[in-house]
Amino acid sequence: MGLLYLGTPLSWDEAKQYADHVREHGITQFLHTWDRVKDRWGDELLWGDEVEYMVVTFDDKEKNAKLSLRQTEILAKLSQVVGNLTDDDTPASMTVPTFHPEYGRYMLESTPGSPYTGSIPDLLSVETNMHYRRTLARRHLNANEIPFTFTSFPRLGTHGVFTEPHFSADDAKSSHSLFLPEEITNPHARFPTLTANIRSRRGSKVAINLPIFIDERTPRPFVDPTIPWQRSIYPEDPEAKNGAALIDHIYMDAMGFGMGCCCLQLTFQSCNVDEARRMYDALVPVGPIMLALTAASPAWRGYLADVDCRWNVIAGSVDDRTPEERGLKPSKDSIPKSRYDSVDLYISNDWTNKPEYNDAPAPYNKGIFERLRNHGIDEMLAKHMAHLFIRDPLVIFSETIDQDDTTSNDHFENIQSTNWQTIRFKPPPPNSPIGWRVEFRSMEVQMTDFENAAFAVFIVLLSRAILAFSLNFYIPISKVDQNMARAQRRDAARSGKFYFRKDVLPPGHTTLTSSPPSCSGLCSPVEGAPAKEKLLRNCFPPVPRPPYVEDASIEDEYEEMTVEEIFIGKGSKFPGLLGVVEAYIDTLDVDEGDRLQINRYLDLVRKRATGPLQTPATWIRNFVRSHPSYNRDSVVSQEINYDLMVAIDEIERGVRRVPELLPEDYTPTNGYHSKPNSH
Ligand code: ADP
Ligand code: MG
Ligand code: MG
Ligand code: MG
Ligand code: MG
Ligand code: MG
């Protein structure tokens, strides 16, 4: 989430009066940024991950695993702990990590203390770094608490006791939820205000309906007996019985169901703005594929769902669109998607980005578009910003309405950081050494650091392969949207088909050919880094437009592929995502030992994509369905949930072997514990 201010948040009725003010000054702030950094050039690859955790309390007597609501105390403790650490206390090549608050009062987020460079030792330290962060958190919790990197908590919002301490949903004064108490939300004013203002702007509670997984004894039609259909505390209480809750679905009615999920995000710094825009576009079609491969959330509000991923739950959980905007009433103001959803527009000015690829409806603010164009910003980027700026600011603090637009980017970030899309284009913040960045946001968090590191390493290598080989991944963005829907279906990684580009090579090429980085000396390695040919680099020149490009029809450029084909390759012009990554590593001349470690990560990706290993979602679903007390009725009981969380902790610690989920030689202690001076 964005920066946290101490201040007085405005209710929606007050805040909406400042919406144009925030948009206007947000754009002014962006224009100041643009003027300052549009020609910035030569930033090296710096990158980092964000890992989110949920803290679970175990009650072994009651056999209940509950969400611990001690976020405030835990973060205070952790900030004291890391405040007392120095980089010398931390394992080699690591700095003291950072812990951040998140939406759920049971959640934590951690990032490396400073970003990784493009060096191979940094690449190989990611798993150790993640494990170090997990261990720090784990050591400073209560004895019966454990931090889990787990995407959706199966019992969140059930009838029973699912938090420690327990609270009633009757007091849900921000969300008016039938299921989640007020205390589920981070108490900082930003979060309850966001929750309440989304509901107010929308004119009703959010409504999320996931198809329930129909098992042998699931009652049909399934009318959820755990919904308090007759409650009458808040004006929205009748919504459930008046059509918001669908039969044969798991109904959820609050922001916490989505923003209470955990994910894995990666941010990469680019050499310059054009390279960031090319990287953004190339990663857009990769987003849904990685969502399918990392699928980890099959259970919701006490039931198995017929989907494997969190995405649509979060999209629905912050959908602040009015009935007109949602298209329920005829209106010229219709907006096709929630502010949390997949990217709507490609943004690169490269010749490979054909206008036809932007084939999805993407309404934009005309006045802002004109203003950006008049300032000299090209059409593509102007449209991207004007599209983000169709949204209203949801949280405004009275103390920060007036800002110095030359030095602040708060109003800009107010809109930018509440457009939660699969990829985020991040301009350099003022008063900071940080350059243009791109964030990859679709992946579900995995249960072990080994897996999270594997996907982080895979994506950073893929991002370099894209640059080094000038790969072209463009397909129409409407197809990417279809892939997003498909990615969430049950077992999509195994049985799904996805649109992907058939020929990813630059025109005229029949093999992967790497051009040398074009600004050696400028995107220079940090001091002390090893030989630069072993570095993951920025700044490969884009391929120039050839004098004659065959004007193939867009429809011939892509086809449906299995996940296996997308990773292993199909045809002579698409070596697969793993194929391009491996070819890229070959250009680096990596030591044998380092290569072995990288191969362990790529093997995980390969085995997920080709079949020997299951996604976490499949594994969790199977665990529930084969539990001795499961009644084959889709219900994830308190006891099943408890045993599941116990099992996941044992898996993470390497105590319980799960060859269907992790490689045989999985061990959680890679690196960190073996260092004698580690903390
Ligand atoms: P947000 O929540 O806004 O996405 P965070 O601050 O939580 O951002 O995480 C940002 C990630 O980007 C961290 O992993 C951090 O290490 C990394 N990072 C920091 N500086 C840079 C940089 N200059 N370039 C790339 N990544 C960076
Ligand atoms: Mg986060
Ligand atoms: Mg943040
Ligand atoms: Mg963050
Ligand atoms: Mg260190
Ligand atoms: Mg982030």
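Residues numbered from 1 in each chain as written. Chains lettered and ligands numbered in written order. Predicted model: local features only at pLDDT ≥ 70, side-chain atom pairs only at ≥ 80, totals over all residues. Heavy atoms only, no water.

Enquirer: Any chance you could explain the packing of helix α12 (residues 366-374) against helix α13 (residues 379-388) here in plain terms?
Expert: How two helices sit against one another is set out by the angle between their axes and by the gap between those axes. Relative to each other, α12 and α13 sit at 145°, their axes nearing to 9 Å. The two elements α12 and α13 meet at a crossing, and its hand is right-handed. Facing Ile368, Phe369, Leu372 and Arg373 of α12, the residues of α13 in contact are Glu379, Ala382, Lys383, Met385 and Ala386. Here the residues of the contact of α12 with α13 sort into six nonpolar, no polar and three charged. (Axes fitted to C-alpha atoms, helices over the stretch in contact; angles between N-to-C directions. Helix = DSSP H or I, 4+ residues; strand = E, 2+ residues; numbered from the N terminus. Left-handed = near helix turned anticlockwise from the far one by under 90°. Contact = heavy atoms within 4.5 Å. Nonpolar A, V, L, I, M, F, W, Y, C, P; charged D, E, K, R; others polar.)

Enquirer: When you look at the coordination of the magnesium ion (ligand 2) in this model, what are you seeing that I'm missing?
Expert: The protein atoms that coordinate the magnesium ion (ligand 2) are Glu52 (OE), Glu102 (OE) and Glu109 (OE), at distances of 2.0 to 2.2 Å. Read N to C, the donor residues that coordinate the magnesium ion (ligand 2) are spaced as E-x49-E-x6-E. Between the magnesium ion (ligand 2) and the magnesium ion (ligand 3), a spacing of 6.0 Å is present. A single burial state applies to Glu102 and to Glu109, both of which are buried. (Donors = N, O, S within 2.8 Å, 3.2 Å for Na, K, Ca; no water. Buried < 20%, exposed > 50% of the residue type's maximum accessible area, 1.4 Å probe, protein only.)

Enquirer: Can you help me understand the pairing of strand β10 (residues 264-269) in this one?
Expert: Sheet faces and side chains relate simply in a regular strand, where the side chains alternate between the two faces. Counting buried residues along β10, six of its six residues qualify, which places the element largely inside the surrounding structure. Judged from the four bridges that link them, β10 and strand β16 (residues 437-440) form a sheet pairing that is antiparallel. Note that in β16 the partner of Leu266 across the bridge is Phe440. (Pairing = 2+ DSSP bridges.)

Enquirer: Even after reading the chapter, I still don't get the pattern of salt bridges, so can you show me in this structure?
Expert: A side chain with one charge can pair with a side chain of the opposite charge if their charged atoms come near. As enumerated under the stated definition, the model contains 52 salt bridges in all. Residues Lys570 and Glu559 are paired through a salt bridge, measuring 3.6 Å at the closest nitrogen-oxygen approach. You can see Lys570 sitting in the loop between α18 (563-568) and α19 (576-586) and its partner Glu559 sitting in strand β18 (residues 558-562), a full eleven residues away along the chain. Residue Lys570 is classed as partly exposed on the basis of its relative accessible area, which comes to 28%. (Salt bridge = Lys/Arg side-chain N within 4 Å of Asp/Glu carboxyl O.)

Enquirer: What is the right way to look at the environment of Leu246 in this model?
Expert: Summarising the element assignment, Leu246 is placed in the loop between α7 (240-244) and β9 (249-252). Judged by relative accessible area, Leu246 falls into the partly exposed class, the value being 41%. Between the C-alpha atoms of Leu246 and Ser204, which are 42 residues apart in sequence, the distance is 16 Å.

Enquirer: Got a minute to help me understand the confidence of the model for the chain in this structure?
Expert: Interpreting fine coordinate detail is not advised for predicted regions of low pLDDT. In this model, the chain carries an average pLDDT of 94, and 95% of its residues clear a pLDDT of 70 or more. Under a pLDDT of 50 for its full length, residues 525-532 has, in the predicted model, eleven contacts with residues more than four places off or in other chains. When the criterion is pLDDT under 50, residues 671-679 qualifies, and its contacts beyond four places in sequence or with other chains add up to 20 contacts. Both scores are available for the predicted complex, with the pTM at 0.96 and the ipTM at 0.95. (pLDDT = per-residue confidence, 0-100.)

Enquirer: Would you take a moment to explain the nonpolar core for this structure?
Expert: A general tendency of soluble globular proteins is for nonpolar side chains to be buried together. Counting 202 residues, the largest nonpolar core has Phe458, Phe567 and Trp619 as the members making the most contacts within it. In terms of residue count, the dominant contributor to this core is helix α15 (residues 449-468) (15 residues). In contact with Phe567, not counting residues within four places along its chain, are Ile289, Met290, Leu293, Phe458, Pro575, Gly576, Leu577, Leu578, Gly579, Val605 and Ala609. Phe213, Val624, Tyr630 and Val636 belong to the second largest nonpolar core, which has seven residues in total. (Core = buried A, V, L, I, M, F, W, Y, C linked by side-chain atoms within 4.5 Å.)

Enquirer: Looking at this structure, how should I read unusual backbone geometry?
Expert: Most of the time, phi is negative for any residue but glycine, and the peptide bond is trans. Here the bond from Glu164 into Pro165 is cis, since omega is -5°, no more than 30 degrees from zero. Residues Arg220 and Pro221 are joined by a peptide bond in cis, for which omega reads -10°. Along the chain, the position of Pro221 falls in the loop between β8 (208-211) and α7. Backbone geometry at Asn431 places phi at a positive 55°, although glycine is not the residue there. Here Asn431 lies in the loop between β15 (423-426) and β16. Of the residues examined, Asn431 reaches a relative accessible area of 71% and is grouped as exposed. Not every positive phi belongs to a glycine, and Ser470 is a case in point at roughly 50°. Among the structural elements, Ser470 can be located in the loop between α15 and α16 (477-487).

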